[in-house]
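Per-entry structural report
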Amino acid sequence: MTEKKKLRIATTSLAGCFGCHMSILDIDERLFPLLDLVEFDRSPLTDIKHCGPCDIGIVEGGICNAENVHVLREFRKNCKILISIGACAVTGGLPAQRNHLDLSSCLTEVYLTEPGLAHGHIPNDPELPLPLDKVHPNHEVVKIDYFIPGCPPSGDAIWKFLTDLIAGKTPELGHGLINYD
Amino acid sequence: MVADANVRMAELDQILERRDRDPGDLLQILREIQELRGYIDPATVTYLASQLGIPRARIEGVAGFYSFLHLQPHGEYRVLFSDNITDRMLGNQQLLEVMCHQLWLQPGKVSEDGLVSIDMTSCTGMCDQGPAMLVNGRAITRLTLQRVQEITHLIRNRTPMADWSADFFRVEDNVRRSGPILDNKLAPGEALRIGLNIGGTAIVEEVKKSGLRGRGGAGFPTGLKWEACRNASGTIKHVVCNADEGEPGTFKDRVLLTRQADMVFEGMTLCAQAIGAQHGYLYLRGEYRYLLEPLQEVLQRRRDSNLLGKSILGQAGFDFDIEIHLGAGAYICGEESALIESLEGERGIPRNRPPFPVTHGYMQQPTAVDNVETFCSAALAIQMGADAFRAIGTEKSSGSKLISVSGDCPRPGIYEYPFGVSVREVLQDCGAVNTRAVQVSGPSGICVAEHEFHRKLGFEDLPTAGAFMVFDDSRDMFEVARNFVQFFAHESCGFCTPCRVGTSMLKQTMNKIADGHGTQHDLREVEHLDHVLQTTSHCGLGRTACNPVLHTLRHFRPAYENRLKSLDFEPGFDLDGALERARQMTGRDDAGAHLNTEEA
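So, how was this worked out
Residues numbered from 1 in each chain as written. Chains lettered and ligands numbered in written order. Predicted model: local features only at pLDDT ≥ 70, side-chain atom pairs only at ≥ 80, totals over all residues. Helix = DSSP H or I, 4+ residues; strand = E, 2+ residues; numbered from the N terminus. Buried ≥ 20, exposed ≤ 12 C-beta atoms within 10 Å, placed from the backbone. Contact = placed C-beta atoms within 7 Å. Rg over C-alpha atoms; globule rule 2.2 N^0.38 Å. Domains from an automatic or database assignment. Nonpolar A, V, L, I, M, F, W, Y, C, P; charged D, E, K, R; others polar. Axes fitted to C-alpha atoms, helices over the stretch in contact; angles between N-to-C directions. Parallel < 35°, antiparallel > 145°, perpendicular 65-115°, else oblique. Left-handed = near helix turned anticlockwise from the far one by under 90°. Pairing = 2+ DSSP bridges. pLDDT = per-residue confidence, 0-100. Expected span 1.5 Å × (residues − 1). Right-handed = clockwise from strand over helix to strand, strands pointing away. Core = buried A, V, L, I, M, F, W, Y, C linked by C-beta atoms within 7 Å.

**Some details on the overall build of chain A**
A count of helices and strands for chain A gives six helices and seven strands. Reading chain A from its N end, one meets helices and strands in the order β-α-α-β-β-β-α-β-α-α-β-β-α. For chain A, the residues scored as buried account for 38% of the 181 residues in total. Looking at chain A alone, contacts between residues at least 24 apart form 77% of all its contacts between residues at least 6 apart.

**Thoughts on the overall build of chain B**
Counting its secondary structure elements, chain B contains 26 helices and 14 strands. Taking 25 Å as the expected radius of gyration for a compact globule of 600 residues, we find that chain B reaches 25 Å, a close match to that expectation. Each principal axis of the C-alpha atoms in chain B carries an extent, and together these give about 90 × 70 × 45 Å. Residues classed as buried in chain B amount to 50% of the 600 residues present.

**Remarks on the environment of B:I85**
Residue and element names in this part refer to chain B. By the element assignment, I85 lies in helix α5 (residues 85-89). Note on I85: 27 C-beta atoms within 10 Å, which makes it buried. As a C-alpha pair, I85 and M469 span 384 residues in sequence and 9.0 Å in three-dimensional space. Apart from residues no more than four positions distant in its own chain, I85 is found in contact with M469, V480 and N483.

**What to know about the domain arrangement of chain B**
All names here are of chain B. Assigned domains within chain B: domain 1 (2-65), domain 2 (77-172), domain 3 (176-390), domain 4 (400-473) and domain 5 (478-561). A straight line from the C-alpha centre of domain 4 to that of domain 5 covers 23 Å. Each partner contributes to the interface: domain 4 provides eight residues, whereas domain 5 provides 10 residues. Here the side of domain 4 that touches domain 5 takes three residues from strand β13 (residues 446-449), the largest share from any one element. For the side of domain 4 that touches domain 5, the per-class residue count stands at six nonpolar, two polar and no charged.

**Digging into the packing of helix α20 (residues 497-514) of chain B against helix α21 (residues 520-536) of chain B**
Residues and elements named next belong to chain B. Relative orientation of the contacting elements α20 and α21 amounts to 160°, with a least axis distance of 10 Å. Taken together, α20 and α21 sit at an angle that is classed as roughly antiparallel. In the packing of α20 onto α21, the handedness of the crossing is left-handed. Side by side, α20 and α21 meet where P498, C499, G502, M505, L506, T509, K512 and I513 of the first sit next to D522, E525, V526, L529, V532, L533 and T536 of the second. Here the residues of the contact of α20 with α21 sort into nine nonpolar, three polar and three charged.

**Brief notes about the sheet that holds strand β2 (residues 38-40) of chain A**
Residue and element names in this part refer to chain A. Here five strands make up an open sheet; going across it, the order is β2-β1-β3-β5-β7 and the pairing parallel. For this open sheet the edge positions go to β2 and β7 (146-148), each flanked by a neighbour on one side alone. The average undirected angle you get between the axes of adjacent strands in this sheet is 25°. Inspection of the sheet shows strand β3 (residues 54-60) paired to strand β5 (residues 79-85) by six bridges, in the parallel sense. Looking at the pairing, C54 lines up with C79 of β5.

**Some words on the confidence of the model for chain A**
On average, residues of chain A score 91 in pLDDT, and 96% of them are at 70 or above. Put simply, helix α5 (residues 103-113) of chain A is where chain A has its lowest mean pLDDT, 90, and strand β4 (residues 63-65) of chain A is where it has its highest, 97.

**Here's the deal with the pairing of strand β1 (residues 7-13) of chain A**
Residue and element names in this part refer to chain A. A large share of β1 lies buried, amounting to six of its seven residues. Summarising the sheet, β1 and β3 pair through five bridges and their orientation is parallel. Considered in β3, the bridge of T11 is made with I58.

**What to know about the confidence of the model for chain B**
Residues and elements named next belong to chain B. Confidence along chain B averages 94 in pLDDT terms, with 99% of residues attaining 70 or more. Across chain B, the secondary-structure element scoring lowest on mean pLDDT is helix α1 (residues 2-18), at 81, and the one scoring highest is strand β6 (residues 238-243), at 98. Scored as a complex, the prediction yields pTM 0.86 and ipTM 0.82.

**Points about the packing of helix α2 (residues 26-37) of chain B against helix α4 (residues 56-65) of chain B**
Residues and elements named next belong to chain B. Two numbers describe how α2 lies on α4: the axes approach to 10 Å, and their chain directions differ by 70°. Judged by the angle between their axes, α2 and α4 are roughly perpendicular. Crossing handedness for the pair α2 and α4: right-handed. Residues L26, L27 and L30 of α2 touch α4, and the partners they reach there are I59, V62 and A63. Of the residues contributing to the contact of α2 with α4, the split by class is six nonpolar, no polar and no charged.

**Concerning the sheet that holds strand β4 (residues 138-140) of chain B**
All names here are of chain B. What the four strands build is an open sheet, ordered β2-β1-β3-β4; its pairing is mixed. Two strands bound the open sheet, and with one partner strand each, they are β2 (116-121) and β4. Sheet twist, expressed as the mean angle between neighbouring strand axes with direction ignored, is 25°. Running over the sheet, helix α6 (residues 92-102) touches β1 (77-82) and β2 and is turned about 160° from β1.

**Points about α20(B)**
All names here are of chain B. In a regular helix each residue adds 1.5 Å, so 18 residues correspond to 26 Å; α20 covers 25 Å between its end C-alpha atoms and thus fits that length. Every buried residue of α20 is listed here: C499, G502, T503, L506, T509, M510, K512 and I513. Positive backbone phi, approximately 85°, marks G516, located one or two places after α20.

**Quick look at unusual backbone geometry**
All names here are of chain B. Cis rather than trans, the peptide bond between G130 and P131 has omega equal to -10°. With an omega of 0°, the peptide bond running from P354 to P355 counts as cis. Inspection of the secondary structure puts P355 in the loop between α14 (336-343) and α15 (357-360). Positioned with a positive phi, R142 is a non-glycine residue whose angle comes to about 45°. For R142, the position within the fold is in the loop between β4 and α7 (145-156). In the Ramachandran plot, L313 falls in the positive-phi region, its phi being about 50° despite a non-glycine side chain. With respect to the helices, strands and loops of the structure, L313 is situated in the loop between α13 (292-304) and β8 (321-326).

**Remarks on the interface of chain B and chain A**
Between chain B and chain A, the residue contacts involve 20 residues of the former and 18 residues of the latter. Ranked by the residues each element gives to the side of chain B that touches chain A, the list is headed by helix α26 (residues 580-586) of chain B, at five residues. Looking at the side of chain B that touches chain A, its residues break down into nine nonpolar, five polar and six charged.

**Observations concerning the pairing of strand β7 (residues 279-284) of chain B**
Both faces of the sheet carry side chains from a regular strand, because those side chains alternate between them. Residues and elements named next belong to chain B. A large share of β7 lies buried, amounting to five of its six residues. Relative to β7, β6 is paired through six bridges, and the arrangement is parallel. The residue of β7 that forms the bridge with N242 is Y283. Crossover connection from β7 via α13 to parallel β8: handedness right-handed.

**Re the nonpolar core**
By size, the foremost hydrophobic cluster in this structure holds 161 residues, and its most contacted members are B:V240, B:V264 and B:C271. Broken down by element, the residue count for this core peaks at 10 residues, all from helix α12 (residues 261-275) of chain B. Membership of the second largest hydrophobic core comes to 45 residues, among which are A:I56, A:C88, A:F161 and A:L162.

Spelled out as structure tokens, the structure:
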């Protein structure tokens, strides 16, 4: 009897706060049965730096800089199914609050006007990714297959979503798993 | 300064006096202050709050809802170009650009000297004589480059609007074909006397027998509505005439209120008699502000002839009068429950239905809300008798219908037909050639393509509120749909999420396709959004907001597909361009400071 091939999952956090990843950990002891079904590729859990071919990619956070774009594209290229998880990934969320402001006035305020940061100049090291003028949700930059709303979505919602997906069903978050205030 | 402030408040007191300091008249009070001052300043809001005994937040909430009310200065001259697709086809955008250029102004901004602001507004109901604009709420028609230059000159010289040439403000009726309504020479009180002879119950029966159905688009049987209202328990009943003719491409109510105002009021008074109402309201859209005084004169004349007021025509106990309320630029107020909210001085947000207005309408009392043309038709049905009325039109659509024809045809204007006229006949009468499509009943209606021109206007086939916009084969139907989508996104009242967010997403996706970034994926997204809007919106606005896209996708899919990239997906914005600002700020131009928009 051959062992059923495990699905490969990659996860990343772009312009997010890692809160959604904390919520992934909130599936608690169910992580053990999950690990019978899947193995993790690039993820903060594995510290693998680049993503290989995967079945499922889970992206937390939206797109606020050039590096986010590269990472998101890497995920799109390698993952058969790409999921935006959490408010920032789905809508831009909290980081998108800066969309009301002009980027140059943000940079001026932080690095030039306020004392104590970066010795009075805007950092320009090529190592640093440049910020985009606006923060975008992921689906405006690549095609996204599924969205898990919430800030963050609960561990139960994530568990339900992943187990549905792994079982080959269209994931559905019913009553109690999506909350509207 | 103190004396000055006192004078300013005294002006307000006059308005407040006239309105009995009734918070229910908040919208009318705000509208009058806006007309007086050009905007509603914070001190006024505070003063109103204290005088009306309501919180500032409610005042600002109402003022913020209506697009013709302003809480910030908007210039001494507030210019709004009508932006219906028919105005666009007549070149309104070039005219706006010229005017902005001449006044050194950006659209939507107020000039630095506070003189003028220029912006777009939804259809102002002058489609047969566009492009049109509103200046300080006054309608100006038949704009040309020369006319725009003259207006620019007048504004620059601060010429008071009272001194502007009357020709600017001339509104034509453009009646091209008349029938039993437009030809009617009803003497004031004629139908009413018949009504008084036969009595309220018989009026309801007669209207039921006539087969009259509402002319606002939905087509609910008018007799049934009046009967339900008559039977509803309530202390005070109301008649409301919906003259908030906001559906782009519709202007028949404007013509009826100009030529047959007596017939409208006669219909309302008959309704009052039928249901036992004492109060009537005409809700007139703000764009038709210029009709207010003429209509008030008609009302006064009717009062003087004892056709309104106490003991109408000597009938003891038959007391009824009509008041005119003006809207302030909100399409949603054409929806009857939103209209009632607006009458009560609130934001025009549709109510949950049921209960329907016939039992819980204005002030939660039984209210019959009908369209201008419906009241005319009701008066006609009583005047000529149900059987004669029924003989006009078709079996399920009795009577005649006013069609507002605009767009690509040599004879735009009002055409009155018996129901059952085909699209092709109307096209022939208005002289349209090489017609590609007709938008029947406005953006929320139906887009009819050439192979369907045999279809007939009427409740059996093509129900219509009256708009009939003609597009010839030089027109791009994608752009038509995009204009309508922008309209709905602008007019969504913001109450329910599917409509507030959905109409904006639809607009963004249509813009993305227009900008050449569209892919097959976006078309699928549009279809999905349409489904969400249709199935989950709170009211008809959201449910019909997707119609223009659904219909044009069905008939003119190539107009969309020609714009698509073959790629599966493409971002809707220029990624590398989005880094430009940061490149400027950091002085970087290395490889890492750039992004390809299309994924390699």
